[in-house]
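Report on the structure
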Amino acid sequence: MTKTLAYLKPYRGAVAWGLILKFLGSVAELFLPLLLEYIINEAVPAADMNRVLICGGIMLVFAFIALFGNIFANRLSVTSSGGMTHDLRYDLFSKTCYLSSSQVDRLGVPSLISRLTSDSYYVNQMVARTLRLGVRAPILILGGIILAFTRDWALALVLLACVPLVGIIIFIITKKSVPLYFGVQKKQDDMVRDMQENVTGVRVVKALTKEEYESEKFDGLVKELAAREFKANKIMSLSNPLATLVLNLGLVAVIVTGALRGNLPGTVLAFLQYFVIILNAMIALTKIFVVISRGSASAGRIESVLREDTSEKILDISDEKNGYKIEFSNVSFSYNGVGDNLKDIDFALKEGETLGIIGATGSGKSTLVNLLMRFYDAGGGNIRIDGRDVRAYKNDELRKKFGVAFQNDFLMASTVRENVDYGRGLSDEEIEKALKAAQAEEFVQTLEGGVDYNLAQKANNLSGGQKQRLLIARALAASPEILILDDSSSALDYATDAAFRKALAKDYPDCTKIIVAQRISSIKNADLILVLDDGRVIGKGRHEELMRDCDEYKLIYAAQMGGEKDARAQD
Ligand SMILES: Nc1ncnc2c1ncn2[C@@H]1O[C@H](COP(=O)(O)OP(=O)(O)OP(=O)(O)O)[C@@H](O)[C@H]1O
Ligand SMILES: [Mg+2]
């Protein structure tokens, strides 16, 4: 929590002024019953119109001080809580961007999203409410009791007897309801996650005609959420009536005691007002308590992300210049420490060469790419680029070498140009060259506005193949030293795929290419092909060599023969 509260530091001026104004406003409010008492007990019986008017005027001034003190203090609380939430969200988002892949795996994407959205909102509510009521309520309660004692100790004792009673009621109710509210919050997270999945996967839901199934599942979640809310609110809703009952009993006791002791009506009236002020302040304190419990849990969740170590771990490993652009020697890796996802991977690639990777689903193709880009560190062996271990590079320096189109990569809801450029300030020529090589130029020209055509969210207004072409263009646009295409041409027809490979060889001859593919035709001309199976290399060589030596490769080839014939016909 301290780390979160430290975000208020830049706003300490606004916080301090807010608290001073709150203090003044609350004190002014406390003096109103005293003035009323004086008017009723002293000025009215003496029929002294002047005193009534002066006191009335002072009451008006105090009421305005209370009003404006509160208004300005509330504004300052919004400024400081809003500002600190902005800073906190900014840092949390930046931190999230720098998290390593294994950290993201561990924390989970939905959980990171809810920390950025609902958790930061709860922290905002906690700070805003505490600044608004955290000072006001205790001042009103304490000040009310002290002033009451200065008026009449016997009546003040009646009031003092009621306060702990109300306190106990509120304490018991809050203690019961806070855990229930946490339950509500957790269910809310589940509901948001379910909603996100459904909205994102709306086409799958439709395609499998699972609308009713999904609706029923969602309905179940909503009903459970409603039930939990009902339970929490049912208990919480007892606090006001019970506190009011105690208040009313207290008021009767004050009136009776006042009558017995012969107190003046003004004094009794002042006491009644203090009763109301104190009770409201106590109810406000309960609400703050709930908001603080929820907010501090959220602050903890946010801080645990902020505390993640995202510093770059650059190792001091000496270079081994041997003329290779990319070199894997005896590389092994496991995501979770149980069983190897990659084992004994060994290969080397010269500048400008092409590596093709093929293998069954889950055989480790994407994992190999993840290791090369150092999204994860290899468990054993070395991965070198230009003779230097990838762990000896700064992240920036390493990643700048790559142009990548990942499997299931995303496009933003902006123009074609912005998607290809991706904030790198590329020239029109570079973008055009990349679109041309990726075989995207032709279809982009048919779009309204060409490269200025606006893509819908997730580029839903493009076909699968068109999306892939733009992703390839994005990977190529900055003329990377190493191009990685992870299953990025699967949606291209054979003719387009062939034209793309030709353009790639002609326009980007120095670029070293890694092409992960399901189709042999996409990698047939590669300088080196790896056949992966269950994290191991079971075939390594050129197409002809593999056709001779690797049974698995031959099997894949045989299975794809039909497609191959088509490809040859179109090449
Ligand atoms: N983030 C991860 N955490 C844990 N295990 C993972 C993770 N990513 C992949 N794996 C596991 O590692 C293995 C290799 O996965 P990988 O994604 O490299 O396969 P792939 O060859 O690219 O498959 P595909 O052709 O389906 O893309 C699989 O068994 C997969 O379940
Ligand atoms: Mg993959």
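Residues numbered from 1 in each chain as written. Chains lettered and ligands numbered in written order. Predicted model: local features only at pLDDT ≥ 70, side-chain atom pairs only at ≥ 80, totals over all residues. Heavy atoms only, no water.

Next up on the list: the sheet that holds strand β6 (residues 402-405). Strand order in the open sheet formed by 6 strands is β6-β7-β8-β3-β9-β10, with mixed pairing between adjacent strands. Each edge of the open sheet is held by one strand with a lone partner, namely β6 and β10 (536-541). Across this sheet, the average inter-strand angle for adjacent strands is 15°, counted without regard to direction. Bridge analysis of β6 against strand β7 (residues 482-486) gives 4 bridges, and the strand direction is parallel. Looking at the pairing, Gly403 lines up with Leu483 of β7. Where helix α17 (residues 464-476) meets the sheet, it contacts β6 and β7, and its direction lies at approximately 170° from that of β6. (Pairing = 2+ DSSP bridges. Helix = DSSP H or I, 4+ residues; strand = E, 2+ residues; numbered from the N terminus. Axes fitted to C-alpha atoms, helices over the stretch in contact; angles between N-to-C directions. Contact = heavy atoms within 4.5 Å.)

Quick look at the coordination of the magnesium ion (ligand 2) now. Looking at the metal site, the magnesium ion (ligand 2) is ligated by Ser366 (OG) and Gln407 (OE1), spaced 2.0 to 2.2 Å from it. Here Gln407 lies in the loop between β6 and α14 (416-421) and Ser366 lies in helix α12 (residues 365-372), a separation of 41 residues in the sequence. Residue classification places Ser366 among the partly exposed positions, given a relative accessible area of 24%. Among the residues examined, Gln407 registers a relative accessible area of 36% and is labelled partly exposed. (Donors = N, O, S within 2.8 Å, 3.2 Å for Na, K, Ca; no water. Buried < 20%, exposed > 50% of the residue type's maximum accessible area, 1.4 Å probe, protein only.)

Note that Gly143 resides in helix α6 (residues 136-151). In sequence terms Gly143 and Phe31 are 112 residues apart; their C-alpha atoms lie 9.5 Å from each other. Beyond its immediate chain neighbours, meaning those up to four positions away, Gly143 contacts Leu30 and Pro138.

Moving on: the site of ligand 1. Around ligand 1 sit 14 residues in total, of which Gly362, Lys365, Ser366, Thr367 and Gln407 are the nearest. Between ligand 1 and Asn341, the relevant distance is 3.1 Å, taken from an oxygen atom to a side-chain nitrogen or oxygen of the residue. Taking Ser363, its main chain carries an N or O atom lying 3.2 Å from an oxygen atom of ligand 1. Contact with the protein chains removes 65% of the 640 Å² of surface that ligand 1 exposes when unbound. Of all the elements, α12 adds the most residues to the shell around ligand 1, at 3 residues. (Near = heavy atom within 4 Å. Polar contact = N/O pair within 3.5 Å; in protein donor to acceptor, adjacent residues only side chain to side chain. Areas by Shrake-Rupley, 256 points an atom, 1.4 Å probe, with all protein chains shown as cover.)

In this section: unusual backbone geometry. Phi is positive for Arg374, which is not a glycine, with a value near 55°. With respect to the helices, strands and loops of the structure, Arg374 is situated in the loop between α12 and β4 (380-385). Its relative accessible area of 11% is what places Arg374 among the buried residues. Residues other than glycine seldom take positive phi values, yet Asp386 does so here, at roughly 50°. Looking at the element boundaries, Asp386 is found in the loop between β4 and β5 (388-389). Relative accessible area serves as the criterion here: at 25%, Asp386 is assigned to the partly exposed category.

Turning next to the pattern of salt bridges. Scanning the entire structure with this criterion turns up 34 salt bridges. Asp452 serves as the salt-bridge partner of Arg417, at 3.5 Å between the closest nitrogen and oxygen. In this pair, Arg417 is assigned in helix α14 and Asp452 in the loop between α16 (441-446) and α17, connecting sequence segments 35 residues apart. On the basis of relative accessible area, Arg417 is assigned to the partly exposed category, the value being 27%. Judged by its relative accessible area of 44%, Asp452 is partly exposed. Put simply, Arg548 and Asp549 hold a salt bridge, and the shortest N to O gap is 3.4 Å. Given the relative accessible area of 57%, Arg548 is considered exposed. (Salt bridge = Lys/Arg side-chain N within 4 Å of Asp/Glu carboxyl O.)

Next up on the list: the packing of aromatic side chains. Under the defined criterion, the tally for this structure stands at 9 aromatic pairs. Ring plane angle 15° and centroid distance 5.8 Å describe the contact between Phe64 and Phe68, whose orientation is recorded as stacked. Highlighted residues: Phe64 and Phe68, both in helix α3 (residues 49-98), separated by 4 residues, approximately one helical turn. Owing to a relative accessible area of 43%, Phe64 belongs among the partly exposed residues under this scheme. Aromatic side chains Tyr121 and Tyr122 sit 5.9 Å apart centroid to centroid with 55° between the ring planes, which places their arrangement in the tilted category. Given a relative accessible area of 43%, Tyr121 falls into the partly exposed group. Residue Tyr122 is classed as buried on the basis of its relative accessible area of 9%. In this arrangement the basic side chain of Lys210 is found over the ring face of Tyr213, its NZ or CZ atom lying 5.7 Å from the centre. Here the guanidinium or amino end of Arg388 rests over the ring plane of Tyr393, the centre of that ring lying 4.6 Å away. (Phe/Tyr/Trp six-rings, centres within 6.5 Å; stacked < 30°, edge-to-face > 60°. Lys NZ or Arg CZ within 6 Å of the ring centre and 35° of its normal.)

Along its sequence, the protein is carved into domain 1 (2-306) and domain 2 (402-479). Of note, the centres of domain 1 and domain 2, computed from C-alpha atoms alone, are 50 Å apart. (Domains from an automatic or database assignment.)

What follows deals with the sheet that holds strand β1 (residues 326-333). Sheets are built from strands paired through backbone hydrogen bonds, the pairs being either parallel or antiparallel. Read from one edge to the other, the open sheet built from 4 strands follows the order β2-β1-β4-β5, with strand pairing classed as antiparallel. Looking along the sheet, the strands with just one partner apiece sit at the ends: β2 (342-349) and β5. Here α12 sits on the sheet and contacts β1, β2 and β4; the angle it forms with β1, its principal contact strand, is near 115°.

A word on the pairing of strand β9 (residues 528-533). Taking burial as the measure, the 6 residues of β9 include 5 buried ones, the bulk of the element. Bridge count between β9 and β10: 5 bridges; the pairing is antiparallel. Residue pairing in the sheet places Ile529 in a bridge with Gly541 of β10. Hairpin connection from β9 to β10: 2 residues lie between these consecutive antiparallel strands, with Asp534 at a positive phi of about 50°.

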